[in-house]
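Residues per chain, in single letters:
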Amino acid sequence: DDVYPPALWELAQVYFAGMDGKAVLPGGRYACAQVLASRQVPFLRGRSLGQVCHIVQLAISEKKLLGYRSGSIVAYACSQSKAKAVCAERQRPFAAQAGDNCAVATWAIVSACLRVLIGTLPDGSNTIPLSNIKRLFRTRFQVDL
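Fair warning: this is a prediction, and the values are worked out from it, not measured in the lab. (Residues numbered from 1 in each chain as written. Predicted model: local features only at pLDDT ≥ 70, side-chain atom pairs only at ≥ 80, totals over all residues. Heavy atoms only, no water.)

Some words on unusual backbone geometry
Moving on, step 1. At Gln40, a residue that is not glycine, the phi angle is positive and equals roughly 50°.
Moving on, step 2. Along the chain, Gln40 turns up in the loop between α2 (29-38) and α3 (49-61).
Moving on, step 3. Phi at Lys64 takes a positive value of approximately 55°, unusual for a residue other than glycine.
Moving on, step 4. Relative accessible area serves as the criterion here: at 41%, Lys64 is assigned to the partly exposed category. (Helix = DSSP H or I, 4+ residues; strand = E, 2+ residues; numbered from the N terminus. Buried < 20%, exposed > 50% of the residue type's maximum accessible area, 1.4 Å probe, protein only.)

What about the packing of aromatic side chains?
Moving on, step 1. Scanning the model with the defined rule gives 5 aromatic pairs in all.
Moving on, step 2. Centre to centre, the rings of Tyr4 and Trp9 are 6.2 Å apart; their planes meet at 80°, and the pair counts as edge-to-face.
Moving on, step 3. On the numbers, 5.7 Å between centres and 65° between planes, the contact of Phe137 with Phe141 is edge-to-face. Of this pair, Phe137 and Phe141 both sit in helix α6 (residues 133-141), separated by 4 residues, roughly a single helical turn.
Moving on, step 4. Classification of Phe137 by relative accessible area gives buried; the value is 0%. (Phe/Tyr/Trp six-rings, centres within 6.5 Å; stacked < 30°, edge-to-face > 60°.)

Here's the deal with the packing of helix α5 (residues 107-119) against α6
Moving on, step 1. Contact geometry of α5 with α6 gives a least axis separation of 11 Å together with a crossing angle of 90°. When the axes of α5 and α6 are compared, the pair comes out roughly perpendicular. When α5 is examined against α6, the residues Val110, Cys113, Leu114, Val116 and Leu117 are found in contact with a partner set consisting of Ile133, Leu136, Phe137, Arg140 and Phe141.
Moving on, step 2. Taken together, the residues of the contact of α5 with α6 sort by class into 9 nonpolar, no polar and 1 charged. (Axes fitted to C-alpha atoms, helices over the stretch in contact; angles between N-to-C directions. Parallel < 35°, antiparallel > 145°, perpendicular 65-115°, else oblique. Contact = heavy atoms within 4.5 Å. Nonpolar A, V, L, I, M, F, W, Y, C, P; charged D, E, K, R; others polar.)

Thoughts on the state of the cysteines
Moving on, step 1. Applying the stated criterion across every chain yields a total of 0 disulfides.
Moving on, step 2. Cysteine Cys78 is unpaired, with the sulfur of Cys32 as its nearest cysteine sulfur at 14 Å.
Moving on, step 3. For Cys78, a relative accessible area of 27% gives the class partly exposed. (Disulfide = S-S within 2.5 Å.)

What about the environment of Ala37?
Moving on, step 1. You can see Ala37 is positioned in helix α2.
Moving on, step 2. According to the relative accessible area criterion, Ala37 is partly exposed, its value standing at 36%.
Moving on, step 3. In this structure, the C-alpha to C-alpha distance between Ala37 and Ala85, residues 48 residues apart in sequence, is 29 Å.

Considerations on the pairing of strand β1 (residues 66-69)
Moving on, step 1. As defined by bridge partners, β1 adjoins strand β2 (residues 72-75) across 4 bridges and the pair is classed as antiparallel. Within β2, the residue paired with Leu66 across the bridge is Ala75.
Moving on, step 2. Taking the residues that link successive antiparallel strands as the turn, the β1-β2 hairpin has 2 residues, and the phi of Ser70 there is positive, at about 50°. (Pairing = 2+ DSSP bridges.)

Remember that the coordinates give geometry; whether it matters functionally is a separate question.
Rendered as structure tokens:
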């Protein structure tokens, strides 16, 4: 829940929009909050570190003031998060890097690759963490989901 006043978000928008494309914050929300708190950013003064973490979370997930680029947190306008959203709106695949040669997976490719992944599980293991699937498809099969 967003329990913060609209004025905080207005100031946050100005602050984060003023970060140039090279200004990066640590990729973890907690580490990002620590850096912002140490900078004594005016709209965060008097807030606990927990509140700053929550503000960072909301700035990323709901307010679209911050986003991710190469594992770091940056202004949303400079982020892969925004680029992915634009591609999704246009129903186009997102290529993370120029010259990225990964094909976009079809259902047939997904099915075949999953069979390979399941077939190579170590003895006694019968699961693949969902959080690893996209990375495995890119690294093992050069395919984007």
